[in-house]
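Summary of the model geometry
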Amino acid sequence: MVQGGHTSGGFITAIGGDRLISAGGYRIHVFTASGAFVPSVAGSVEYLAVAGGGSGGFSYGGGAGAGGLVYKESSSVTATSYAIDIGAGAAENLSSGAGNVGADTTFALDSITAKGGGGGGQENTDASSGGSGGGSGHEASGNGSGTQTSQSGDSGTYGFGNAGGVGVAGPHYNVGGGGGSGSVGAAGNATKSGNGGAGKDYSSRFGTSVGDSGWFASGGGGGATSDGSTVPGTASSGGGTDGSETGEHSLAAAVNTGGGSGGGFNGKGGRAGGSGVVIVRYENSDTLYTVATGGTITSNGTHRIHVFNASGAFNVITQGTTPTVDYLVIAGGGGGTRRLTAGGG
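Residues numbered from 1 in each chain as written. Predicted model: local features only at pLDDT ≥ 70, side-chain atom pairs only at ≥ 80, totals over all residues. Heavy atoms only, no water.

1. Some details on the nonpolar core
With 20 residues, the main nonpolar core has F37, V45, F107, V278 and V280 as its most contacted residues. Within the residue set of this core, elements represented by two or more residues are β6 (43-50), β7 (69-77), β8 (82-85), β10 (112-114) and β14 (277-283). Other than its neighbours up to four places away in sequence, V45 contacts I12, F37, E73, S74, S75, V77, L109, V280, R281 and Y282. Formed by 15 residues, the second largest nonpolar core is a distinct cluster that contains I28, V50, V277 and I279. (Core = buried A, V, L, I, M, F, W, Y, C linked by side-chain atoms within 4.5 Å. Buried < 20%, exposed > 50% of the residue type's maximum accessible area, 1.4 Å probe, protein only. Helix = DSSP H or I, 4+ residues; strand = E, 2+ residues; numbered from the N terminus. Contact = heavy atoms within 4.5 Å.)

In structure tokens form, the structure reads like this:
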């Protein structure tokens, strides 16, 4: 159980999430998998919800759109359970056609739905619309529109998403970048394929240990084209990846960012989109102690000691108010030698 701002002057208490962070007088719950945020008292929270990003198009493919992003600075909660469903990033697309669409992220608080990012287009195959839309593919196939801001209720009012960029026809044939939460995907031009749209920076609210150093939902860059400039589009902070060039698939977008993956070069495709995330923050200045698992655990006064006599992992479950540890590492000693001397004869 954790504690955190309450309208009566006390602190909210709440459970839920895969990580718990204490920083600057706030508690932060990070949901990288589906679950529930459960306050035990009424109060006010802020939150960020990001959907899964799309995957880039195959073979001169457009960059994928980022997952839709919803950010609300203040929302009232009561003592109930608010279900959270984290959207998966779109499946990779390494064989043919346009990229795939990311899955929606939903948060029962305010009935929020962040829409999955659109897949990048391919030659003669339009890109998909999504939270942010995919970029158009080779020979200027259609680009995808951003749908997040048109969602009903708070999902649209506090939502961010943009269209993918358009491609250009011959003689350049460069493709469009996927849309991002912060800007539209760039169009292909005479010198290169379009860059992915910018993400959004929430490091001042949730810190740099989440997302891509606090950034979320950037679009994927358009893939390079061998009958164009052979220069792919790039992605910026927020989990999206560059378009691929000269015989490589694009890289997968970063997990739990909602980034879109880059489009593929000739005969290559786009890797998976980045999965979504929900982050909830509220005021709480109470001391929170770091909690971890791994090794054999003993106590010494107010300290926990983890002893590893065999290979394993030190896993931080709760990042405390003062998240520091002391450690000692000792390597194995060298082996001795034994000298055998034969007897006289």
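So that's the structure; there's more coming.
2. Some details on the pairing of β7
Relative to β7, β6 runs antiparallel, the two sharing seven bridges. The residue of β7 that forms the bridge with V45 is S75. Here β7 pairs with strand β11 (residues 159-160) via two bridges, running antiparallel. Of the residues in β11, the one forming a bridge with L69 is F160. (Pairing = 2+ DSSP bridges.)

3. Here's the deal with the pattern of salt bridges
Following the criterion strictly, the structure yields seven salt bridges and no others. As a salt-bridge pair, E46 and R205 come within 3.0 Å of each other at their nearest N and O atoms. Here E46, found in strand β6, pairs with R205, found in helix α2 (residues 203-206); they are 159 residues apart in sequence, far enough to count as distant. When its relative accessible area of 26% is taken as the criterion, R205 is described as partly exposed. Across the pair E73 and R205 runs a salt bridge, and its minimum N-O distance is 3.8 Å. With E73 in strand β7 and R205 in helix α2, this residue pair connects regions lying 132 residues apart in the sequence. (Salt bridge = Lys/Arg side-chain N within 4 Å of Asp/Glu carboxyl O.)

4. Considerations on the environment of G61
Here G61 is to be found in the loop between β6 and β7. Taking relative accessible area as the criterion, G61 reaches 0% and is therefore assigned buried. Residues G61 and E123, spaced 62 residues apart in sequence, show a C-alpha to C-alpha distance of 7.2 Å. In contact with G61, not counting residues within four places along its chain, are G121, V175, G222, G223, G263 and G264.

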